[in-house]
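Residue-level structure breakdown
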Amino acid sequence: PESMRKAGVPEPPPLRSAQYPLGVPGLAEHHKRRVESANSLYRLAIEIVVFCYVHGIIISIENPANSWLWAALVALALEHSALAAKALNQLQRILFHACCHGS
């Protein structure tokens, strides 16, 4: 917020980007740990997507549309296997505004 900026509180650096969806190079150690921790969860998500795809289980992944999660999942699926990329690509994208549902 503006009041924090005026008080001299530094803005956090970007942790991901379109070029680096798994984490920008040169992050401070504590930011790097946060990104690596999230990436571990994203890798687990890819494993779950593949498992569900292979076994015909319907799944849903929820996150804001503008989240770097989506780009990270694509990068990790491509890193994982052709099957993971195919499974992730089979998901349908559904967008809705949470405020329309009481949040």
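As a reminder, the structure under discussion sits directly above these lines.
Now for a description of the structure that goes with this document. Every chain is numbered on its own, with residues counted from 1 as its sequence reads. Side-chain atom pairs in this predicted model are given and counted only at pLDDT of 80 or more, local residue features only at pLDDT of at least 70, and totals for whole chains, interfaces and linings cover all residues. The side-chain figures draw on all heavy atoms in the structure; neither hydrogens nor water molecules are used.

Digging into the packing of helix 2 (residues 29-54) against helix 3 (residues 69-80)
The relative placement of two packed helices is expressed as an angle between their axes plus a distance between the axes. For the pair helix 2 and helix 3, interaxial distance at closest approach is 9 Å and the crossing angle is 65°. The chirality of how helix 2 crosses helix 3 is right-handed. Across from Asn39, Tyr42, Arg43, Ala45, Ile46, Glu47 and Val50 in helix 2, the residues of helix 3 making contact are Leu69, Ala72, Leu73, Leu76, Ala77, Glu79 and His80. The classification used treats Ala, Val, Leu, Ile, Met, Phe, Trp, Tyr, Cys and Pro as nonpolar, Asp, Glu, Lys and Arg as charged, and all other residues, Gly among them, as polar. Residues of the contact of helix 2 with helix 3, tallied by class, amount to nine nonpolar, two polar and three charged. Helix axes use the C-alpha atoms of the stretch in contact, all axes being lines fitted to C-alpha atoms, and the angles between their N-to-C directions lie in the range 0 to 180 degrees. Strands are runs of DSSP state E lasting at least two residues, helices are runs of H or I lasting at least four, and both sets are numbered from the N terminus onward. Helix crossings get a hand from a simple test, with the near helix turned counterclockwise from the far one by less than a right angle marking a left-handed crossing and a clockwise turn marking a right-handed one. Working rule for contacts: check all heavy atoms of both residues, and any pair within 4.5 Å makes them a contact.

Observations regarding the nonpolar core
Where a protein is soluble and globular, its nonpolar side chains tend to be buried together. Throughout, nonpolar core names a set of buried Ala, Val, Leu, Ile, Met, Phe, Trp, Tyr and Cys residues whose side chains join them through atoms within 4.5 Å. Relative accessibility thresholds used throughout: buried, under 20% of the residue-type maximum; exposed, over 50%; partly exposed, between the two (1.4 Å probe, protein chains only). Judged by nonpolar contacts, Ala38, Tyr42, Ile46, Val50, Leu69, Ala72, Leu73, Leu76, Ala77, Ala84 and Leu88 together constitute the single largest core of 11 residues. At five residues, helix 3 tops the list of elements feeding residues into this core. Excluding anything up to four places from it in sequence, Ala84 contacts Ile46, Val50 and Ala77.

Description of the packing of helix 2 against helix 4 (residues 82-89)
Where helix 2 meets helix 4, the axes come as close as 9 Å, and the angle between the chain directions of the two elements is 80°. Considering the angle they form, helix 2 stands roughly perpendicular to helix 4. Counting all contacts with helix 2, which are made through Ile46, Val49, Val50, Tyr53 and Val54, the residues of helix 4 involved are Leu83, Ala84, Lys86, Ala87 and Leu88. Classifying every residue of the contact of helix 2 with helix 4 gives nine nonpolar, no polar and one charged. Under this scheme an angle from 65 to 115 degrees is roughly perpendicular, one under 35 degrees roughly parallel, and one over 145 degrees roughly antiparallel; angles in between are oblique.

A few points about the environment of Ala72
Looking at the element boundaries, Ala72 is found in helix 3. On the basis of relative accessible area, Ala72 is assigned to the buried category, the value being 0%. Between the C-alpha atoms of Ala72 and Pro21, which are 51 residues apart in sequence, the distance is 4.9 Å. With sequence-adjacent residues up to four places away left out, Ala72 is seen in contact with Arg16, Pro21, Leu22 and Tyr42.

Thoughts on helix 2
Expected helix span is given by 1.5 Å per residue-to-residue step, counting one fewer step than there are residues. Its 26 residues place the ends of helix 2 37 Å apart at the C-alpha level, agreeing with the 38 Å of an ideal helix rising 1.5 Å per residue. Taken together, the buried positions of helix 2 are His31, Val35, Ala38, Asn39, Tyr42, Ile46, Val49, Val50 and Cys52. On its buried side, helix 2 packs onto helix 3 and helix 4. Gly56 sits one or two residues past helix 2 and shows a positive phi near 65°.

Regarding the side chain of Asn39
Note that Asn39 resides in helix 2. The residues contacting Asn39, other than those within four sequence positions of it, are Arg16, Leu22 and Leu76.

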